[in-house]
Amino acid sequence: MTVPTDKEPSATPAAPPPSPEAIVAIPVRHYGRWISAVVALSVLGLIGYAFSQGDVNYGAIPDYFFNDQILRGVRNTVWLTFLAMLLGVGLGVVLAVMRLSKNPVNSALAWFYIWFFRGTPVYVQLLVWINLGIVFKTINLGFYQDEWADFMTPFLAALLGLGLNEAAYMAEIVRAGIQSVDEGQTEASHALGMSHGKTLRRVVLPQAMRVIVPPTGNEFINMLKTTSLVIAVAYFDLLQAAQDVGSESGAAVEMLFLASVWYVILTTVFSIGQYYLERRYARGSARRLPPTPFQRVRANLRSLRRPEVAK
Amino acid sequence: MSESSGAVPMVRAERVHKSFGPLKVLKGIDLEVAPREVFCLIGPSGSGKSTFLRCINHLEKINAGRLWVDGELVGYRQHRGKLYELKDREVASKRRDIGMVFQRFNLFPHMTALENVMEAPVHVKRESKASARERAMKLLDRVGLADKAPNYPSQLSGGQQQRVAIARALAMEPKLMLFDEPTSALDPELVGDVLDVMRGLAEDGMTMVVVTHEMGFAREVGDALVFMDDGVVVEAGHPREVLTNPQHERTKSFLSKVL
Ligand SMILES: Nc1ncnc2c1ncn2[C@@H]1O[C@H](COP(=O)(O)OP(=O)(O)OP(=O)(O)O)[C@@H](O)[C@H]1O
Ligand SMILES: [Mg+2]
């Protein structure tokens with residue numbers, strides 16, 4: 001007991017030790033960073049120069065940015081992305097659960113679906129959907145019957161083509177998510193008297209979301225861009241709108257640039273949404289959630305106004 | 001075993017067998033747990049204690065023998081001499097009367113302590129949120145954690161998590177509680193709090209089957225004790241007798257290692 005421990009506050013209530021001198025040192029110079037910055041900037045400059053010298057009418061881009069046709073294309077692209085992802089996620093969850101089911105028929109069906117839709121290019125699937133009239137001349141659902149050609153509108157072909165294909169990929173993502181949840185969770189839930197379905201909905205899926213959301217955000221952004229393939233079924237999306245406007249106005253390439261800018265804006269907005277969604281499903285996994293960028297900015301501002309007071 | 005009263009035993013096992021593929025884990029377990037009894041199960045690792053506990057609420061299916069809880073067959077219905085498997089829904093509804101506490105707590109990490117306790121009453125029993133919340137708060141208070149209600153499990157210590165897990169199981173107002181080594185994942189200084197809660201439950205007359213390595217708890221609180229080894233009951237009796245005066249060699253050598 002003679003050795004004083006620094007944990008004992010009562011041991012030395014004397015004056016605090018003087019704080020040592022602040023370190024003054026010459027920081028390491030990062031010459032590499034400077035060199036790579038110079039190289040990158042000059043390459044960018046050269047590319048920018050080339051584009052500015054090209055025969056491009058840049059003025060057309062802002063002129064047509066909020067053109068009615070373009071806006072309709074943007075709306076259709078966003079709408080189609082949402083619906084195709086909704087179909088993909090919904091069906092993907094069902095397929096994932098079937099795949100993991102004890103019922104061999106369900107699991108084989110799901111396996112076959114995934115195998116088939118992942119095995120064929122989505123562009124081909126789109127073309128097949130619109131041309132399936134060759135197999136089904138008419139459609140008869142009992143309450144609804146029609147010629148196939150009238151039934152299978154470009155929108156429906158686009159939605160089915162993209163959504164059903166997406167479901168195969170989502171099924172794998174959801175399956176990985178479900179399998180990432182500790183078995184003790186299912187067990188605890190069953191021990192409380194919860195049914196399989198309730199266990200899945202209330203316990204397993206919410207925890208699987210942490211694993212499911214990030215790749216799903218990726219899929220979403222991919223989908224947004226993949227919708228440009230629906231030109232194959234003559235659906236009026238952003239790319240189609242840009243091409244139409246381009247051929248009318250004679251600024252074809254400019255309108256492709258315009259479409260690119262719109263795609264970048266949309267993917268950026270989705271990425272921000274994804275960030276907040278991921279944060280929501282991180283609940284409980286960490287002791288504290290990391291601050292959002294917005295909260296971080298506010299905290300920084302606050303610290304500027306009111307400098308930290310030592311206690 | 002305690003056959004004192006004529007009451008229906010809370011748990012009755014008759015030559016219960018269980019194998020996982022070629023591995024025989026339970027090789028004929030016979031025992032009886034009387035209502036309001038604290039029944040302790042001890043034995044070396046791999047002897048099948050957890051497996052037996054899981055059979056009681058049908059998390060595992062037994063291969064042979066019979067198992068009753070409160071006079072009803074576990075997992076089956078007997079009709080004209082034939083056994084019919086219960087539907088998943090029926091099994092689930094029977095489990096509501098049996099609480100289970102796990103070695104690794106298994107709290108739901110995406111819910112707060114309060115939400116964990118409210119989950120089953122609200123979503124299984126369809127109790128109103130308001131009344132479930134009120135009862136959940138009382139239960140959290142009972143395990144000494146009222147102030148931790150809004151915390152997520154990751155923000156609680158192991159001992160606190162286990163006490164929330166006990167509150168969660170109690171929220172279904174079970175007639176039987178199963179404990180599978182509830183304190184063996186805890187730091188020594190946290191064990192006491194959990195055992196105190198269990199002691200309180202025992203005093204309130206809860207029927208409990210407890211797999212444990214806490215011989216002090218078994219001796220003090222237990223009404224009956226069974227020593228299991230290699231899938232069979234080797235020795236059974238009152239905890240004080242078995243622990244202080246074991247009859248079988250295997251019991252003696254096991255106790256000499258853990259005491
Ligand atoms: N789901 C399973 N599949 C295959 N084997 C299993 C399974 N569950 C348990 N076992 C095996 O059954 C045997 C008994 O396991 P059990 O968990 O019941 O032992 P225990 O007595 O609880 O041991 P411990 O004190 O280590 O918890 C072990 O050999 C284990 O490997
Ligand atoms: Mg065990």
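Reading the values: rules and limits
Residues numbered from 1 in each chain as written. Chains lettered and ligands numbered in written order. Predicted model: local features only at pLDDT ≥ 70, side-chain atom pairs only at ≥ 80, totals over all residues. Heavy atoms only, no water. Helix = DSSP H or I, 4+ residues; strand = E, 2+ residues; numbered from the N terminus. Contact = heavy atoms within 4.5 Å. Areas by Shrake-Rupley, 256 points an atom, 1.4 Å probe, with all protein chains shown as cover. Buried area = accessible area lost by both parts, 1.4 Å probe. Salt bridge = Lys/Arg side-chain N within 4 Å of Asp/Glu carboxyl O. Expected span 1.5 Å × (residues − 1). Polar contact = N/O pair within 3.5 Å; in protein donor to acceptor, adjacent residues only side chain to side chain. Axes fitted to C-alpha atoms, helices over the stretch in contact; angles between N-to-C directions. Parallel < 35°, antiparallel > 145°, perpendicular 65-115°, else oblique. Left-handed = near helix turned anticlockwise from the far one by under 90°. Nonpolar A, V, L, I, M, F, W, Y, C, P; charged D, E, K, R; others polar. Patch = residues over 30% accessible without salt bridge, like charges linked within 9 Å, V, L, I, M, F, W, Y side chains within 5 Å. Buried < 20%, exposed > 50% of the residue type's maximum accessible area, 1.4 Å probe, protein only. Pairing = 2+ DSSP bridges. Core = buried A, V, L, I, M, F, W, Y, C linked by side-chain atoms within 4.5 Å. UniProt positions renumbered as here; feature names shortened; annotations may be inferred. Lys, Arg positive; Asp, Glu negative; His and termini not counted.

Here we look at the overall build of chain A
Alright, step 1. Along chain A, the regular secondary structure elements total 12 helices and 2 strands.
Alright, step 2. Listing each helix as α and each strand as β along chain A from the N terminus yields α-α-α-α-α-β-β-α-α-α-α-α-α-α.
Alright, step 3. The long-range fraction of contacts in chain A, counting pairs at least 24 apart against all pairs at least 6 apart in sequence, stands at 72%.
Alright, step 4. When the accessible surface of chain A is split by element, carbon and sulfur atoms take 65% of a total near 19,900 Å².

A closer look at the interface of chain B and chain A
Alright, step 1. Between chain B and chain A, the contact holds 29 residues from the first and 22 residues from the second.
Alright, step 2. Summed over both partners, the interface of chain B with chain A buries about 2,200 Å², with 53% contributed by carbon and sulfur atoms.
Alright, step 3. Considering only the side of chain B, the residues that lose the most area to chain A are Phe108(B), His110(B) and Ser154(B), jointly responsible for 24% of the buried surface there.
Alright, step 4. At the junction of chain B and chain A, the tally comes to 3 salt bridges.

Focus: helix H3 (residues 68-100) of chain A
Alright, step 1. In this model, H3(A) (33 residues) spans 47 Å end to end at C-alpha, consistent with the 48 Å of a helix rising 1.5 Å per residue.
Alright, step 2. Backbone nitrogen of Gln69(A) and a side-chain oxygen of the N-cap are separated by 2.7 Å at the start of H3(A); the cap is Asn67(A).

What about the packing of H3(A) against helix H7 (residues 154-180) of chain A?
Angle between the axes and distance between the axes are the two parameters that describe a pair of packed helices.
Residue and element names in this part refer to chain A.
Alright, step 1. Across the interface, H3 lies against H7 with an axial gap of 5 Å and an inter-helix angle of 45 degrees. The orientation of H3 with respect to H7, classified from their angle, is oblique. Crossing of H3 against H7: the hand is right-handed.
Alright, step 2. In terms of residue class, the contact of H3 with H7 is built from 22 nonpolar, 4 polar and 3 charged.

Topic: a nonpolar patch on the surface
Residues and elements named next belong to chain A.
Alright, step 1. On the surface, a cluster of nonpolar side chains totalling about 690 Å² of accessible area is made up of Tyr31, Ile35, Val39, Val43, Ile47, Phe51 and Tyr58.
Alright, step 2. Tracing the backbone through its elements, the reader meets Phe51 in helix H1 (residues 31-53).
Alright, step 3. According to the relative accessible area criterion, Phe51 is partly exposed, its value standing at 43%.

Brief notes about the sheet that holds strand E5 (residues 72-73) of chain B
Residues and elements named next belong to chain B.
Alright, step 1. One open sheet holds the 4 strands; their spatial order is E2-E1-E4-E5, and the pairing between them is antiparallel. Each edge of the open sheet carries a strand with a single partner, namely strand E2 (23-33) and E5.
Alright, step 2. Along the sheet face, helix H1 (residues 49-56) touches strand E1 (11-20), E2 and strand E4 (64-69) and points at about 60 degrees away from the line of E2.

Remarks on the pattern of salt bridges
All names here are of chain B.
Alright, step 1. Taken as a whole, this structure holds 23 salt bridges over all chains when the rule is applied.
Alright, step 2. A salt bridge links Glu60 to Lys18, with the shortest nitrogen-to-oxygen separation between them at 3.9 Å. Here Lys18 lies in strand E1 and Glu60 lies in the loop between H1 and E4, a separation of 42 residues in the sequence.
Alright, step 3. Given the relative accessible area of 14%, Glu60 is considered buried.
Alright, step 4. We classify Lys18 as buried; its relative accessible area is 7%.
Alright, step 5. The salt bridge partner of Arg77 is Glu90, with a shortest N-O separation of 2.8 Å. Highlighted residues: Arg77 in strand E6 (residues 76-79) and Glu90 in helix H2 (residues 88-95), separated in sequence by 13 residues.

Some thoughts on the nonpolar core
Residue and element names in this part refer to chain A.
Alright, step 1. By size, the foremost hydrophobic cluster in this structure holds 61 residues, and its most contacted members are Ile70, Leu162 and Val230.
Alright, step 2. Element by element, the count of residues in this core is highest for H7, at 13 residues.
Alright, step 3. If we skip the residues at most four places from it in the chain, Leu162 touches Leu80, Ala84, Val122, Leu126, Met223, Thr226, Thr227 and Val230.

Concerning the UniProt feature "transmembrane region" (unreviewed entry) in chain A
Residue and element names in this part refer to chain A.
Alright, step 1. This chain's UniProt record puts "transmembrane region" (unreviewed entry) on residues 34-52, 78-98, 110-131, 151-171, 220-236 and 256-277.
Alright, step 2. Taken as a whole, residues 110-131 contains 86% helix and 0% strand, while its terminal C-alpha atoms sit 25 Å from one another.
Alright, step 3. Annotated as residues 256-277, this span is 100% helix and 0% strand, and its ends, taken at the C-alpha atoms, are 31 Å apart.

Brief notes about the pairing of E6(B)
Alright, step 1. Pairing analysis gives 4 bridges linking E6(B) to strand E7 (residues 82-85) of chain B, with the strands arranged antiparallel. Note that in E7(B) the partner of His79(B) across the bridge is Lys82(B).

Concerning the side chain of Glu254(A)
Residue and element names in this part refer to chain A.
Alright, step 1. Secondary-structure assignment places Glu254 in helix H11 (residues 252-281).
Alright, step 2. As a buried residue without a salt bridge, Glu254 has its nearest oppositely charged side chain in Arg72, at a separation of 21 Å.
Alright, step 3. Looking at Glu254, its side chain comes within polar contact range of the main-chain nitrogen of Asn57, at 2.7 Å.
Alright, step 4. Discounting chain neighbours no more than four positions away, the residues touching Glu254 are Asp55, Val56, Asn57, Ala60 and Ile61.

Some words on the side chain of Asp229(B)
Alright, step 1. Structurally, Asp229(B) is set in strand E11 (residues 224-229).
Alright, step 2. Setting aside its immediate chain neighbours within four residues, Asp229(B) contacts Pro44(B), Ser47(B), Val234(B) and Arg250(B).

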